[in-house]
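Coordinate inspection notes
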Amino acid sequence: MAYPVHWYQFTEHPSSDSCWSLSVGPDGRIYASACDEHSPGGFVKVVRYNEQTDSLDYLFNLDELVEDPHNSGRATQCKIHYSFAPSMHDGIMFMATHLSGPPIDQPAYSPWRSWHDPKRCFRGSALLAWDTHTDQMLWWDTIIPKEGCRCLALDEERSLLYALGYPRDHMYQYNLATRERRDLGRIGSINSQVLVLDKLHRVWTTSDYGRLVRYDPQKDRLESGLEPLPHNPQFQTGWHSVFYDAVFAPDSQSIFACSWIAQPRLMRIWLYEGEWGRVEDLGPATQDRDLTIPIDTFKDHCGGMTLGGDGMIYYVASRWRDEKYNPMSPDHAEREGVVWRLNPDTYEKTEVAVLQRPGEFAQYVSRGAVDHNGNLFFGHVGPMPVGIFRVDMPADHRRRDAHLPIRVWG
């Protein structure tokens, strides 16, 4: 039996074209970013699901809180991109902004073209500390001048944030106690979409050639593995096979991850085995297709990885009409987002739900999370206004405080 699916549209931000970040907060509630990255003068609203009213609460326009108004003539604070980071001990939700939104009087924005233009240049990724107990902003800072933050991770024990900057693709460390930033070095030219923090306080990500990259605080340097992560050898070398999403397995010794872009692939990485961990290739995340024919990578996609309260891994993979490999009926949606449950012990995959929104496709999911009640939530990217999905878990697949242990990266 399919799990019930509910759709919540960002009606109060009608120009929102993407929900790149969705995360459970330290309070067990779901937070999402209603982004407007393509409209001139676009900005991001931070949204929270209200379970009492079964609706969305619009908490604030971020550009207003960080004193960088969307109509300033500069590139805008238009999105939060995989950059929520919950802090459990103080109830703070950290968030950092990304760039791409053009100034209010321009059709597009190029960070390189405007790098030295003080009137047009993006001011920088704004880091904001939101108190989930009082619903107030505590403080904000510019975490990466002139650049956006592609993804964020929190080492709560050491009061450190880690970020990947765009477009230069450097890793940064930000000290929450001193408000100081350190540039840890350049990784490549194509940002990974996720940072993973392990119990040794090492930060894992990937380079543009699909190799594991790790910052080790004991050595205080970035290191790179030699072997590319799993990819299809028929048409890929590993280039651009960066992490798209990752979540800890129930054993906390390994992560499940999916790659981006061009036929995303599932994998499991045992972080503490050998010098660079042990990688298991779990195969393609999406359906078979003719690999000699180009395909829109917005159509062929996997994301939304999260650990459910039942100890299963959940993710969303796209499925589409294909005459040979998936001949759907004419009245069926051309594309859809399929919610899969992956057993971490047997690797058995079970389809549990299909994401659908009225009149539009729903195959592209950015991030997923589970709230304190054990229900699944997924952020959507597509025709505006976008929104989020809630997937109700069966009673026997839930547990109290299912969001714990909390994921500390966006």
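Quick notes on the rules
- Residues numbered from 1 in each chain as written.
- Predicted model: local features only at pLDDT ≥ 70, side-chain atom pairs only at ≥ 80, totals over all residues.
- Heavy atoms only, no water.
- Helix = DSSP H or I, 4+ residues; strand = E, 2+ residues; numbered from the N terminus.
- Contact = heavy atoms within 4.5 Å.
- Polar contact = N/O pair within 3.5 Å; in protein donor to acceptor, adjacent residues only side chain to side chain.
- 1 Å grid on protein atoms, 1.4 Å probe; cavity = no way out; pocket = protein on both sides within 12 Å on 5 of 7 lines; lining within 4 Å.
- Points joined across faces, edges and corners; volume = space filled by probe spheres on them.
- Pairing = 2+ DSSP bridges.
- Axes fitted to C-alpha atoms, helices over the stretch in contact; angles between N-to-C directions.
- Salt bridge = Lys/Arg side-chain N within 4 Å of Asp/Glu carboxyl O.
- Buried < 20%, exposed > 50% of the residue type's maximum accessible area, 1.4 Å probe, protein only.
- Phe/Tyr/Trp six-rings, centres within 6.5 Å; stacked < 30°, edge-to-face > 60°.
- Nonpolar A, V, L, I, M, F, W, Y, C, P; charged D, E, K, R; others polar.
- Core = buried A, V, L, I, M, F, W, Y, C linked by side-chain atoms within 4.5 Å.

**Comments concerning the environment of arginine 268**
Assignment of secondary structure puts arginine 268 in strand β20 (residues 265-270). Measuring from C-alpha to C-alpha, the distance between arginine 268 and tyrosine 166 comes to 27 Å, with 102 residues separating the pair along the chain. Those residues within four positions of arginine 268 in sequence are excluded, and the remaining contacts are Ala249, Asp251, Ser254, Ile255, Phe256, Arg278, Val279, Glu280, Leu282, Pro344 and Tyr347. Among the polar contacts made by the side chain of arginine 268, one reaches the main-chain carbonyl oxygen of proline 344 at a distance of 2.8 Å.

**Focus: the environment of threonine 134**
Its place among the elements puts threonine 134 in the loop between β8 (124-131) and β9 (136-145). Once the C-alpha coordinates of threonine 134 and isoleucine 104 are considered, the two residues, 30 residues apart in sequence, prove to be 33 Å apart. Here aspartate 131 takes part through its side chain, which lies 3.4 Å from a polar atom of the side chain of threonine 134.

**Examining the layout of surface pockets**
The rolling of a water-molecule-sized probe over the atoms marks out the regions of remaining empty space. Considered as a void within the structure, the largest pocket measures approximately 720 Å³ in volume. What lines the largest pocket is a set of 34 residues, and nearest its centre among them are Phe248, Pro405, Ile406, Arg407 and Val408. At the level of secondary structure, the elements contributing two or more residues to the lining of the largest pocket comprise β2 (22-24), β10 (148-155), β18 (242-248), β22 (302-307) and β26 (365-370). What the second largest pocket holds in volume is close to 180 Å³.

**Examining the sheet that holds β9**
As summarised here, the arrangement of the 4 strands in space is β6-β7-β8-β9, forming an open sheet in which the pairing is antiparallel. If you trace the sheet from one side to the other, it starts and ends with β6 (79-87) and β9, each paired once. Between one strand and the next, the sheet's axes are offset by a mean angle of 20 degrees, whatever the strand orientation. Bridging between β8 and β9 involves 8 bridges; their strand directions are antiparallel. Within the sheet, the bridge partner assigned to serine 125 lies in β9 and is isoleucine 144.

**A closer look at the pattern of salt bridges**
In this structure the tally under the stated criterion is 24 salt bridges. With its nearest N and O atoms 3.4 Å apart, the salt bridge here joins arginine 214 to glutamate 223. Across this residue pair, the class does not change: arginine 214 and glutamate 223 are buried. Salt-bridge contacts for lysine 219 lead to glutamate 223; the nearest nitrogen and oxygen are separated by 2.8 Å. Classification of lysine 219 by relative accessible area gives partly exposed; the value is 42%. The network of salt bridges with shared partners includes Arg214, Lys219, Arg221 and Glu223.

**Thoughts on the packing of aromatic side chains**
Under the definition given, this model contains 15 aromatic pairs. Aromatic pair tryptophan 7 and phenylalanine 389: ring centres 4.7 Å apart, planes at 45 degrees, arrangement tilted. With tryptophan 7 in strand β1 (residues 5-9) and phenylalanine 389 in strand β28 (residues 387-391), the pair connects residues that are 382 residues apart, well separated along the chain. The same class applies to tryptophan 7 as to phenylalanine 389, namely buried. A centroid spacing of 5.5 Å and a plane angle of 50 degrees characterise the contact between phenylalanine 248 and tryptophan 409, whose relative ring orientation is tilted.

**Notes on the environment of histidine 380**
Locating histidine 380 in the fold gives a position in strand β27 (residues 376-380). Considered as a pair, histidine 380 and tryptophan 139 are 241 residues apart in the sequence and their alpha carbons are 29 Å apart. Apart from residues no more than four positions distant in its own chain, histidine 380 is found in contact with Trp7, Ser18, Cys19, Arg357, Phe361, Ala362, Gln363, Tyr364, Ser366, Val386, Gly387 and Phe389.

**Considerations on empty space enclosed by the protein**
The tally for this structure, following the rule as stated, stands at 1 cavity of 30 Å³ or more. In this structure, the largest cavity occupies an estimated 40 Å³ of space. If you trace the largest cavity, you find it lined by Ser259, Trp260, Ile261, Ala262, Pro264, Thr297, Asp300, His301 and Cys302. Residues that form the lining of the largest cavity fall into these classes: 5 nonpolar, 3 polar and 1 charged.

**Section: the nonpolar core**
Formed by 81 residues in total, the largest nonpolar core has its most connected members in Phe10, Met95, Met171, Phe243 and Ile388. In contact with phenylalanine 243, not counting residues within four places along its chain, are Ser192, Gln193, Val194, Thr205, Thr206, Leu212, Leu229, Ile255, Ala257, Cys258, Met267 and Ile269. Grouped together as the second largest cluster of nonpolar side chains are 18 residues, Tyr3, Trp7, Ala362 and Leu376 included.

**As for the sheet that holds strand β14 (residues 196-197)**
Strand pairs in the sheet, formed through backbone hydrogen bonds, run parallel or antiparallel to each other. As summarised here, the arrangement of the 4 strands in space is β14-β15-β16-β17, forming an open sheet in which the pairing is antiparallel. The two strands at the open ends of the sheet, each matched to only one other strand, are β14 and β17 (221-228). Where strand β15 (residues 203-206) and strand β16 (residues 211-216) come together, 4 bridges link them in antiparallel fashion. Residue pairing in the sheet places valine 203 in a bridge with tyrosine 215 of β16.

Worth remembering: the numbers are spatial, not functional.
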